[in-house]
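These are the residues of each chain, in order.
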Amino acid sequence: MTQLVIQHYLDKYQTMANTMTDIDFSNLSFLTEKEPIYNMAGQKVSKSYFDKKGREAVRICYNRIYGNYIYNDVVYPNVFLGFSKTVCYLDWSGEIVNRKSLQPYEFNLEPVFLGDGTETVVGFSSQKQREILKTERFKADDYLAGKNPQLYAFLYAKYGNVYNTYLRTGIKNDLVDALNNEVDTEILAVLNNEVFGYEPMTVKELIIMNLQ
């Protein structure tokens, strides 16, 4: 029978009655927590814990929950409702052999109105959701600055005002319009370059794809 790395150490140290239920892995002295992994959009993907020999024992995977949201008897589809977490347990070969889905984290959503004096709903948000999305925008900004400083400098030099507005508010319309309506041939030469490793995706497509 395949043995989990974490179970080996729980048995060895007779920790927490040898159960993997609701463990705070950061409190286990035989595991080391590594920096979480984020994608290009600034979204948290996973976080792992390793033993002292560098073998991955536990990986926590984060996923967004989208679905229908009902407000005033109207169904709104594809609303960002919250997060789910899955704890993955690995064996000595590095394979995931056991998974545990945790209870989802759900937002306390309120309607966002158009702001034209009507009650036209354009979305739903909560304080925690807005906080998370803003953090993700700035992490995506930092990711781009670290991975491609030249492209980052170009983006700020050409679209600094609308880009900063997007970072602060999450409203991307003006930035997307500026990218799509660009006519300067020198700028277009950069935007239309294919991204190495993501061909045939262009620089412009990559930027827009990673906007919220």
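Further up the page is the structure itself.
The model shown is predicted, which means the values in this text are computed figures rather than measured ones.

Engineer: What exactly am I supposed to notice about helix α2 (residues 127–147) here?
Structural biologist: One turn of an α-helix holds 3.6 residues; hence residues three or four places apart share an orientation. When the terminal C-alpha atoms of α2 are compared, their 30 Å separation across 21 residues agrees well with the 30 Å that a helix rising 1.5 Å per residue should span. Of all the residues in α2, the buried ones are Q129, I132, L133, E136, R137, A140, D141 and L144. Check the buried side of α2 and you find it contacts β4 (56–71), β5 (74–90), β9 (121–125) and α3 (149–169).

Engineer: What is the right way to look at a nonpolar patch on the surface in this model?
Structural biologist: On the surface, a cluster of nonpolar side chains totalling about 240 Å² of accessible area is made up of V112, L114 and V122. Structurally, V122 can be placed in strand β9.

Engineer: What's the story with the layout of surface pockets in this structure? I'm lost.
Structural biologist: The rolling of a water-molecule-sized probe over the atoms marks out the regions of remaining empty space. Approximately 880 Å³ is the volume attributed to the largest pocket. Contributing to the lining of the largest pocket are 29 residues, with V122, F124, Q129, L133 and G170 lying nearest its centre. Elements with a minimum of two residues in the lining of the largest pocket: β4, β5, β9, α2 and α3. Within the lining of the largest pocket, the residues separate by chemical class into 13 nonpolar, ten polar and six charged. Put simply, the second largest pocket is a space of about 380 Å³. Lining of the second largest pocket is provided by 20 residues; of these, M40, L144, L151, L206 and N210 occupy positions nearest its centre. Those elements that provide at least two residues to the lining of the second largest pocket are α2, α3 and α6 (203–209).

Engineer: Would you explain the nonpolar core in this entry?
Structural biologist: Where a protein is soluble and globular, its nonpolar side chains tend to be buried together. Formed by 21 residues in total, the largest nonpolar core has its most connected members in Y159, L175, L191 and I207. Of all the secondary-structure elements, those providing two or more residues to this core are α3, α4 (173–180), α5 (185–191) and α6. The dominant element in this core, judged by the number of residues it contributes, is α3, at eight residues. Other than its neighbours up to four places away in sequence, I207 contacts L151, L155, L179 and L191. Membership of the second largest hydrophobic core comes to 17 residues, among which are L4, I23, Y49 and V58.

Engineer: What exactly am I supposed to notice about the side chain of E136 here?
Structural biologist: Looking at the secondary structure, you find E136 in helix α2. In this view, E136 contacts A41, G42, Q43, R64, F83 and Q212; residues no more than four positions away in its chain are not counted.

Engineer: Whenever I open this one, the pairing of β5 confuses me. Can you help?
Structural biologist: Within a regular strand, the side chains alternate between the two sheet faces. Two strands pair when backbone bridges link them, and β4 and β5 are joined in this way by 13 bridges, in the antiparallel orientation. If you follow Y71 over to β5, its bridge partner there is V74. Between β4 and β5, which pair antiparallel in sequence order, lie two residues; one of them, N72, sits at a positive phi of approximately 50°. Of the pairings in the sheet, the one linking β5 to strand β7 (residues 105–106) comprises two bridges and is antiparallel in character. Along β7, the bridge assignment pairs G82 with E106. Taken together, the five bridges between β5 and strand β6 (residues 96–101) define a ladder with antiparallel strand orientation. For Y89, the partnering residue across the bridge sits in β6 and is N98.

Procedures and definitions
- Residues numbered from 1 in each chain as written.
- Predicted model: local features only at pLDDT ≥ 70, side-chain atom pairs only at ≥ 80, totals over all residues.
- Heavy atoms only, no water.
- Helix = DSSP H or I, 4+ residues; strand = E, 2+ residues; numbered from the N terminus.
- Expected span 1.5 Å × (residues − 1).
- Buried < 20%, exposed > 50% of the residue type's maximum accessible area, 1.4 Å probe, protein only.
- Contact = heavy atoms within 4.5 Å.
- Patch = residues over 30% accessible without salt bridge, like charges linked within 9 Å, V, L, I, M, F, W, Y side chains within 5 Å.
- Areas by Shrake-Rupley, 256 points an atom, 1.4 Å probe, with all protein chains shown as cover.
- Salt bridge = Lys/Arg side-chain N within 4 Å of Asp/Glu carboxyl O.
- 1 Å grid on protein atoms, 1.4 Å probe; cavity = no way out; pocket = protein on both sides within 12 Å on 5 of 7 lines; lining within 4 Å.
- Points joined across faces, edges and corners; volume = space filled by probe spheres on them.
- Nonpolar A, V, L, I, M, F, W, Y, C, P; charged D, E, K, R; others polar.
- Core = buried A, V, L, I, M, F, W, Y, C linked by side-chain atoms within 4.5 Å.
- Pairing = 2+ DSSP bridges.

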